[in-house]
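# Per-entry structural report
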Amino acid sequence: SPGVERDVAPRVVLLVSLDTTRADALACYQDQSHWGQEYPQGLRPVPQTPTLDGIAGAGVRFAWALAHAPTTLNSHASVFSGLDPHAHRVVRNGYPIPDDVPLVTELFQNAGWDTIAVIGSSALEAAMGLNRGFRRYHDPGPQPVGGMYMLGADEVTRRALEEVDAHLADPELATKPLFLFVHYYDAHTPWFTAPSTSQLDGSMAAIEKLTRARVAGKLRLEDAVQARALYLAQVTWVDTQLGLLLSGLGDRGLMDDALTVVFADHGETLEESSTNPYTHGPSVGLVDVHVPLIFSGSGLFSLPSGLVEEQPVRLMDVASTMAELAALENVGGEGISLVRHLRGLDDPSARISFAEATKPIGNESPNKWNNLPFERSVTKDGLVLRGNPLDGGRASLYRVAAGEPRLSISDYPQIAGDMAELMNDWDARAPSHRSMDASEETQAGLKALGYLE
């Protein structure tokens with residue numbers, strides 16, 4: 001491999017983000033699957049994710065990891081800061097992370113680590129603030145007119161290994177431990193980067209046609225099944241490219257003392273909803289906020305293998321966990337380290353998880369925290385209370401389980417009341433209104449990716 005001679009294998013933390021990837025889009029999450037039960041067995045699309053399944057089998061898989069928002073930048077801000085949206089103050093894509101919010105990558109950089117990021121979408125462009133703490137932050141950059149402001153998984157993997165080779169070739173960098181963040185965007189619409197045999201083309205126009213058919217109650221079963229298969233093909237393509245990335249890092253001697261962390265920022269509603277199908281943003285149901293979260297380690301980062309943790313955890317817990325495993329100080333957020341879980345020990349920590357939708361943009365608050373009018377949820381002790389203030393303040397109670405089974409609030413009046421009070425207290429701590437102040441380039445990227453209504 002290129003680079004200088006090293007007496008000791010370097011420590012590596014590899015953080016992998018799977019954009020718009022529902023937990024049940026991975027084969028290893030089929031016991032927690034929310035989809036397909038209504039289809040005849042032969043019509044159920046089957047996830048094919050051997051690389052991700054292998055990482056889970058060699059490490060620790062969290063069965064019920066929960067995002068705090070169904071939007072890319074908002075959710076990544078929670079992962080890197082250890083804060084929920086009311087604390088880090090990111091409304092949605094296009095609202096940069098405030099400069100006063102500490103990020104875990106700054107801890108790694110200050111501790112002498114080399115820090116590199118390769119980003120698959122301009123939703124996380126450097127101007128959005130996630131670049132703080134990175135020596136190299138490789139986002140898609142300016143696009144041609146009509147461009148999609150994104151990179152396919154194969155290009156992300158190629159650029160990541162190229163950046164790693166440059167790190168190894170530099171005598172001053174090659175001896176440093178390495179923090180590498182890789183963001184794969186392919187599961188987000190449009191679905192066109194992966195090889196596929198589907199009769200659907202995956203274009204935004206085709207997905208809009210599916211959306212109109214579902215809202216009108218005229219979506220054909222065969223089209224719904226093919227759309228799911230096309231979505232899963234994108235996830236499989238990412239899985240394949242992640243396998244090539246891991247092989248490349250191994251060939252370069254970088255996986256002997258390595259921590260691999262895989263998460264998704266949020267999921268995706270497919271045809272489950274008759275009002276907002278084939279999108280994310282308007283809902284915080286489990287199909288939108290239940291995400292994969294996997295930790296696997298080798299050498300100095302060794303962890304138990306094949307462990308599945310059933311207790312719900314939060315994406316805001318990831319930063320503290322990585323910091324503790326790397327022997328760094330806490331990032332200072334509100335997240336709680338998952339290290340006891342990773343070592344198979346009991347963890348009595350009470351984790352309450354809040355989430356809020358970020359759409360429809362036309363209904364946002366004009367003078368208070370933008371997202372206050374949207375659907376929100378609180379999760380505690382395996383139950384979810386979810387509601388929309390625009391719907392008369394009514395809420396529903398669900399179990400954190402496959403299919404998100406609904407419960408009768410009348411059977412749990414005290415629990416539901418306590419959870420509603422928690423949600424009200426959270427909203428009382430919401431920040432002030434934020435106005436978008438994005439450049440024309442940023443707004444063009446957001447429109448191309450379907451983020452601005």
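Residues numbered from 1 in each chain as written. Predicted model: local features only at pLDDT ≥ 70, side-chain atom pairs only at ≥ 80, totals over all residues. Heavy atoms only, no water.

On to the overall build of the chain, then. Looking only at helices and strands, the chain has 13 helices and 16 strands in total. Taken over C-alpha atoms, the radius of gyration comes to 21 Å for the chain, in line with the 22 Å a tight globule of 453 residues would show. Along the three orthogonal principal directions, the C-alpha set of the chain runs to about 65 × 50 × 45 Å. Relative to its full complement of 453 residues, the chain shows a buried share of 58%. For the chain, the share of sequence-separated contacts (at least 6 apart) that also reach a separation of at least 24 residues comes to 72%. Summing over all exposed atoms, the chain offers an accessible surface of approximately 17400 Å²; the carbon and sulfur share of this is 49%. For the chain, the distance from the average site of its 35 positive side-chain charges to the average site of its 58 negative ones is 4 Å. (Helix = DSSP H or I, 4+ residues; strand = E, 2+ residues; numbered from the N terminus. Rg over C-alpha atoms; globule rule 2.2 N^0.38 Å. Buried < 20%, exposed > 50% of the residue type's maximum accessible area, 1.4 Å probe, protein only. Contact = heavy atoms within 4.5 Å. Areas by Shrake-Rupley, 256 points an atom, 1.4 Å probe, with all protein chains shown as cover. Lys, Arg positive; Asp, Glu negative; His and termini not counted. Charge placed at Lys NZ, Arg CZ, Asp CG, Glu CD.)

Structurally, H34 can be placed in the loop between strand 1 (11–18) and helix 1 (50–57). Looking at H34, its side chain comes within polar contact range of the side chain of H290, at 2.9 Å. Not counting residues up to four positions away in its chain, the partners in contact with H34 are R22, D24, W64, L286, V287, H290, A401, A402, G403 and E404. (Polar contact = N/O pair within 3.5 Å; in protein donor to acceptor, adjacent residues only side chain to side chain.)

Quick look at empty space enclosed by the protein now. Overall, the coordinates contain four cavities of 30 Å³ or more when judged by the stated rule. As a volume, the largest cavity reaches approximately 50 Å³. Looking at the largest cavity, the residues that line it are L66, A67, V284, L286, V289, S353, F354, A355, S377, T379 and V384. Contributing elements (two or more residues each) for the lining of the largest cavity: helix 9 (286–289), strand 12 (353–356) and strand 13 (376–380). Tallying contributions element by element places strand 12 first for the lining of the largest cavity, with three residues. Grouping the amino acids of the lining of the largest cavity by side-chain chemistry returns eight nonpolar, three polar and no charged. When its volume is computed, the second largest cavity comes out at roughly 40 Å³. In this structure, the second largest cavity is lined by T71, R92, N93, T358, K359 and Y451. Among the residues forming the lining of the second largest cavity, the class breakdown is one nonpolar, three polar and two charged. (1 Å grid on protein atoms, 1.4 Å probe; cavity = no way out; pocket = protein on both sides within 12 Å on 5 of 7 lines; lining within 4 Å. Points joined across faces, edges and corners; volume = space filled by probe spheres on them. Nonpolar A, V, L, I, M, F, W, Y, C, P; charged D, E, K, R; others polar.)

Turning to its location among the elements, S337 is positioned in the loop between helix 10 (318–325) and helix 11 (339–342). Those residues in contact with S337 that lie beyond four places of it in its chain are S320, T321, E324, D347 and R351.

So, about the pattern of salt bridges. Side chains that differ in charge, positive against negative, can pair when their charged atoms come close. If you walk through the whole model with that rule in mind, you get 22 salt bridges. Put simply, R351 and D347 hold a salt bridge, and the shortest N to O gap is 3.4 Å. No difference in accessibility class separates R351 from D347, as the two residues are buried. One salt-bridge network, in which partners are shared between bridges, spans R22, D24, R228, E271 and E272. (Salt bridge = Lys/Arg side-chain N within 4 Å of Asp/Glu carboxyl O.)

On to the sheet that holds strand 8 (residues 290–291), then. Pairing is mixed in the open sheet, where three strands are placed in the order 8-3-11. On the outer flanks of this sheet lie strand 8 and strand 11 (313–314), each paired with one strand and no other. Relative to strand 8, strand 3 (residues 65–66) runs antiparallel, the two being bridged by two bridges. When the bridges of strand 8 are listed, A65 appears paired with V291. (Pairing = 2+ DSSP bridges.)

Another aspect to go through is the packing of helix 5 (residues 153–169) against helix 8 (residues 221–251). Interhelical geometry of helix 5 versus helix 8 gives an angle of 15 degrees and a closest axis separation of 9 Å. What the angle tells us is that helix 5 and helix 8 run roughly parallel. For the pair helix 5 and helix 8, the crossing hand works out as right-handed. Each of A153, D154, T157, A160, L161 and V164 in helix 5 lies in contact with helix 8, whose residues at this interface are W237, V238, Q241, L242, L244, L245, G248 and L249. (Axes fitted to C-alpha atoms, helices over the stretch in contact; angles between N-to-C directions. Parallel < 35°, antiparallel > 145°, perpendicular 65-115°, else oblique. Left-handed = near helix turned anticlockwise from the far one by under 90°.)

We now examine the packing of aromatic side chains. Counted by the stated rule, this structure contains 11 aromatic pairs. Ring geometry for W35 against Y231: centres 6.3 Å apart, planes inclined by 90 degrees, an arrangement best described as edge-to-face. Placement of the pair is W35 in the loop between strand 1 and helix 1 and Y231 in helix 8, with a sequence separation of 196 residues. On the basis of relative accessible area, W35 is assigned to the buried category, the value being 6%. Given a relative accessible area of 0%, Y231 falls into the buried group. Here F80 and F181 contribute two aromatic rings whose centre-to-centre distance is 5.0 Å and whose plane-to-plane angle is 75 degrees, an arrangement assigned as edge-to-face. Of this pair, F80 sits in helix 2 (residues 72–81) while F181 sits in strand 6 (residues 178–184), and the two are 101 residues apart along the sequence. As far as burial versus exposure is concerned, F80 and F181 are alike and both buried. Put simply, the rings of F80, F108, W113, F134, Y137, F179 and F181 touch in pairs and so form one group of aromatic residues. (Phe/Tyr/Trp six-rings, centres within 6.5 Å; stacked < 30°, edge-to-face > 60°.)

Of all five residues in strand 13, four are buried; the element is thus mostly enclosed. Where strand 13 lies against strand 14 (residues 383–387), five bridges are found, and the strand directions are antiparallel. Each residue of the ladder has a partner; that of V378, found in strand 14, is L385. Where strand 13 folds back onto strand 14 in an antiparallel hairpin, the turn is made up of two residues, including D381, whose phi is positive at roughly 50 degrees.

Let us look at the sheet that holds strand 2 (residues 60–62). Spatial ordering of the open sheet is given by 5-4-6-1-7-9-2-10, a layout of eight strands whose pairing is mixed. At either end of the open sheet lies a strand with only one pairing partner, and these are strand 5 (136–138) and strand 10 (307–309). The sheet shows a mean angle of 10 degrees between the axes of neighbouring strands, direction not considered. Strand direction decides the pairing type here: strand 1 and strand 7 (residues 257–264), joined by eight bridges, are parallel. Looking across to strand 7, one finds that R11 is bridged to D257. Docked against the sheet, helix 5 engages strand 4 (114–118), strand 5 and strand 6, running at close to 165 degrees with respect to strand 6.

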